[in-house]
2 protein chains.
Amino acid sequence: MIEVVEAYIDAFARGDAAAATALFADDATVEDPVGSPVRRGVDAIGEFYAASMATGARLQLTGPVRTAAKHAAFSFDVRLTYEGKSLRIEVIDTFRFNDAGQIVEMRAFFGPTNMHPG
Amino acid sequence: MIEVVEAYIDAFARGDAAAATALFADDATVEDPVGSPVRRGVDAIGEFYAASMATGARLQLTGPVRTAAKHAAFSFDVRLTYEGKSLRIEVIDTFRFNDAGQIVEMRAFFGPTNMHPG
């Protein structure tokens, strides 16, 4: 599970939306941020990561990956450019995995208080 | 939601299980760690926190609280004494809240790779 998290971060570093999407099961869900409409299935997930990476988003872990049963949770900073401005967003993601090691559920926790210039 | 997280951490600092339990709705659930049996209702939750705090557990945030819709997520270190040994455990908790600002669901993400001497 830690290797999948690292592969996810590496995919952002390369701007490789297909590599990020390949980590998910066919019927996986992505809720980013939590409370927004859930994206379901690899087509919707692929579109989401292509749009995310178009902002130049780069992820940097800010602590060790936590793993519990079939779950991982990790805190990180996202740096991206939005409407010409550099932003840093503090995020915690949770992943749930299936027995094949694919992500079946991704949820991202962040809000306005977690967004900063820079 | 950030104030509730801070009150939760303060309750551990004082060893006050009742204060931690008072942050939860009557029918709330606690899954700590994720993958273990879910504790449901304030009686079970009160017993859980009394036992947790009997280890001398103290919580220290290791990053900003993330808030999203009716959810909070936060990373922290727990320091406690277990079978005479000092342990540090790296944890990420997620809280879901009701409209009254009470915690209705708590989940704790950590596993063996997140436990260290000290």
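Look above for the structure.
Residues numbered from 1 in each chain as written. Chains lettered and ligands numbered in written order. Predicted model: local features only at pLDDT ≥ 70, side-chain atom pairs only at ≥ 80, totals over all residues. Heavy atoms only, no water.

## Some words on the packing of aromatic side chains
Following the criterion strictly, the structure yields 22 aromatic pairs over all chains and no others. A ring pair is formed by Phe 74 of chain A and Phe 95 of chain A, whose centres lie 5.1 Å apart and whose planes are at 75°; its orientation type is edge-to-face. In this pair, Phe 74 of chain A is assigned in strand β5 (residues 71-82) and Phe 95 of chain A in strand β6 (residues 85-97), connecting sequence segments 21 residues apart. The class of Phe 95 of chain A is buried, set by a relative accessible area of 1%. Each ring, one from Tyr 8 of chain B and one from Tyr 49 of chain B, has its centre 5.7 Å from the other, and the planes form 85°; the classification is edge-to-face. (Phe/Tyr/Trp six-rings, centres within 6.5 Å; stacked < 30°, edge-to-face > 60°. Helix = DSSP H or I, 4+ residues; strand = E, 2+ residues; numbered from the N terminus. Buried < 20%, exposed > 50% of the residue type's maximum accessible area, 1.4 Å probe, protein only.)

## Let's talk about the interface of chain A and chain B
Opposite the 26 residues of chain A that make contact, chain B presents 26 residues. Both faces combined, the contact of chain A with chain B buries some 1,900 Å², and carbon together with sulfur accounts for 62% of it. The interface formed by chain A and chain B includes zero salt bridges. Run the count over chain A and chain B and you get eight residue pairs in polar contact (both at pLDDT 80 or more). Broken down by secondary-structure element, the contributors of at least two residues to the side of chain A that touches chain B are β4 (66-68), β5, β6 and β7 (103-109) of chain A. Of all the elements, β5 of chain A adds the most residues to the side of chain A that touches chain B, at six residues. (Contact = heavy atoms within 4.5 Å. Buried area = accessible area lost by both parts, 1.4 Å probe. Salt bridge = Lys/Arg side-chain N within 4 Å of Asp/Glu carboxyl O. Polar contact = N/O pair within 3.5 Å; in protein donor to acceptor, adjacent residues only side chain to side chain.)

## Points about the side chain of Thr 94 of chain B
Checked against the element boundaries, Thr 94 of chain B lands in strand β6 (residues 85-97). For Thr 94 of chain B, a relative accessible area of 7% puts it in the buried group. Aside from chain neighbours lying at most four places away, what touches Thr 94 of chain B is Thr 94 and Phe 109 of chain A together with Ala 72, Ala 73, Glu 105, Met 106, Arg 107 and Phe 109 of chain B.

These figures come from the coordinates and say nothing about function on their own.
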